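Architecture at a glance
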Amino acid sequence: MSDPYASELQDRVAIVTGASRNIGRAIALELAAAGAAVMINARTAKAEAEAVTAEIGAKGGKAMAFLADVTDPKAVAAMVEATLARFGRLDILVNNAAVRKEAAFDQISLDEWRQILSIVLDGAFLCAQAGLPAMTRAGGGAIVNIGGLTGHTGARSRAHVITAKAGIVGLTRALAFDLAPHNITVNCVSPGLIDTKRAGGAPAHHADHKTVVGRLGQPADVAATVRMLCGPRARYITGQTIHVNGGVFMG
């Protein structure tokens, strides 16, 4: 018997920010596998964004790469306009763009503080606001914000990142209320201990971290949760934070 949800996002259109590598890339591939056309956003990584687009196309999916700084309102508006011009609608927004820097608290400059908060919080705010009219015209949809484990547990040397990730949980809850009349669900997926590579190729986590399930997570684990939240079986889920961390944090 065929799975009726194998293409549950057929004819839907998604924007995924920060989609050129790691978790963002996996989310874009997963949404495309579910049938969605996907706008692949990156700030400067043109070659990597185009590689994700080509990978989706090679599997019979639809995708387009678009470079845009999510902290720039005009760039975000242009990205939404390009999505509508290419695919005709917008149903799904995944706010994944982030920078994960580490620095001792007394070494964080005000500019660095503002940069991190701007990418994570301003970016999600601007993308949601710019996409709202199109999502409303489409009859509703889903917004998924990507949070982080340390936004719930705390950690050393990441005050700017932790503050931003904690803030995205608050934004998620606020938008769940504000966008419910538009038939738009808003949720947060909080990854933890995922086997990714940072800029320069360094691993994001050390082997001495332990999870209940005995392994690091993969980007695909996060992507599967995002796919579920964007699909028809999750229409009664909104304002929630879903932890994908192998049990290392149970909140």
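In what follows, the accompanying structure is described.

**Topic: the sheet that holds strand β5 (residues 141-146)**
With parallel pairing, seven strands are arranged side by side in an open sheet as β3-β2-β1-β4-β5-β6-β7. Pairing within the sheet leaves two strands with one partner each, and these edge strands are β3 (63-67) and β7 (241-244). Put simply, the sheet's adjacent strands are angled 20° from each other on average, direction ignored. Summarising the sheet, strand β1 (residues 13-16) and strand β4 (residues 92-95) pair through three bridges and their orientation is parallel. By the bridge assignment for β4, V16 is matched with V94. Where helix α1 (residues 22-33) meets the sheet, it contacts β1, β2 (37-42), β4, β5 and β6 (184-191), and its direction lies at approximately 175° from that of β1. Sitting on the sheet, helix α4 (residues 110-137) is in contact with β4, β5 and β6, with an inclination near 175° to β4.

**Concerning the packing of α4 against helix α6 (residues 159-179)**
Following both chains from N to C, one finds α4 and α6 inclined at 20°, their axes separated by 8 Å at the closest point. Relative to α6, the element α4 lies roughly parallel. By crossing handedness, the relation of α4 to α6 is classed as right-handed. Touching E112, W113, I116, L117, V120, L121, A124, F125, A128 and L132 of α4 are A159, H160, V161, T163, A164, K165, G167, I168, L171, L175 and L179, all from α6. Among the residues forming the contact of α4 with α6, the class breakdown is 16 nonpolar, three polar and two charged.

**A closer look at α1**
Compared with the 16 Å implied by 1.5 Å per residue over twelve residues, the 17 Å span of α1 between its first and last C-alpha is a close match. Those residues of α1 that sit buried are I23, G24, A26, I27, A28, L29, L31 and A32. Two residues or fewer past α1, G35 is found with a positive phi of approximately 110°.

**Notes on the side chain of S118**
The topology assignment puts S118 in helix α4. What S118 contacts, discounting residues up to four positions off in sequence, is T71 and G123.

**Quick notes on the environment of A63**
Inspection of the secondary structure assignment puts A63 in strand β3. Sequence separation between A63 and A28 is 35 residues; the distance between their C-alpha atoms is 8.9 Å. Leaving out residues up to four positions away in the same chain, A63 has contacts with V38, I40, T53, I56, R86 and F87.

**Looking at the pattern of salt bridges**
Scanning all chains against the criterion turns up eight salt bridges. The shortest N-O distance in the salt bridge between R227 and E8 comes to 2.7 Å. With a gap of 219 residues between them, R227 in helix α7 (residues 219-230) and E8 in the segment before β1 connect regions that are remote in the sequence. Each member of the pair R227 and E8 is classed as buried. When salt bridges with common partners are traced through the structure, they connect E8, E30 and R227 into a single cluster.

Cut-off values and rules
Residues numbered from 1 in each chain as written. Predicted model: local features only at pLDDT ≥ 70, side-chain atom pairs only at ≥ 80, totals over all residues. Heavy atoms only, no water. Pairing = 2+ DSSP bridges. Helix = DSSP H or I, 4+ residues; strand = E, 2+ residues; numbered from the N terminus. Axes fitted to C-alpha atoms, helices over the stretch in contact; angles between N-to-C directions. Contact = heavy atoms within 4.5 Å. Parallel < 35°, antiparallel > 145°, perpendicular 65-115°, else oblique. Left-handed = near helix turned anticlockwise from the far one by under 90°. Nonpolar A, V, L, I, M, F, W, Y, C, P; charged D, E, K, R; others polar. Expected span 1.5 Å × (residues − 1). Buried < 20%, exposed > 50% of the residue type's maximum accessible area, 1.4 Å probe, protein only. Salt bridge = Lys/Arg side-chain N within 4 Å of Asp/Glu carboxyl O.

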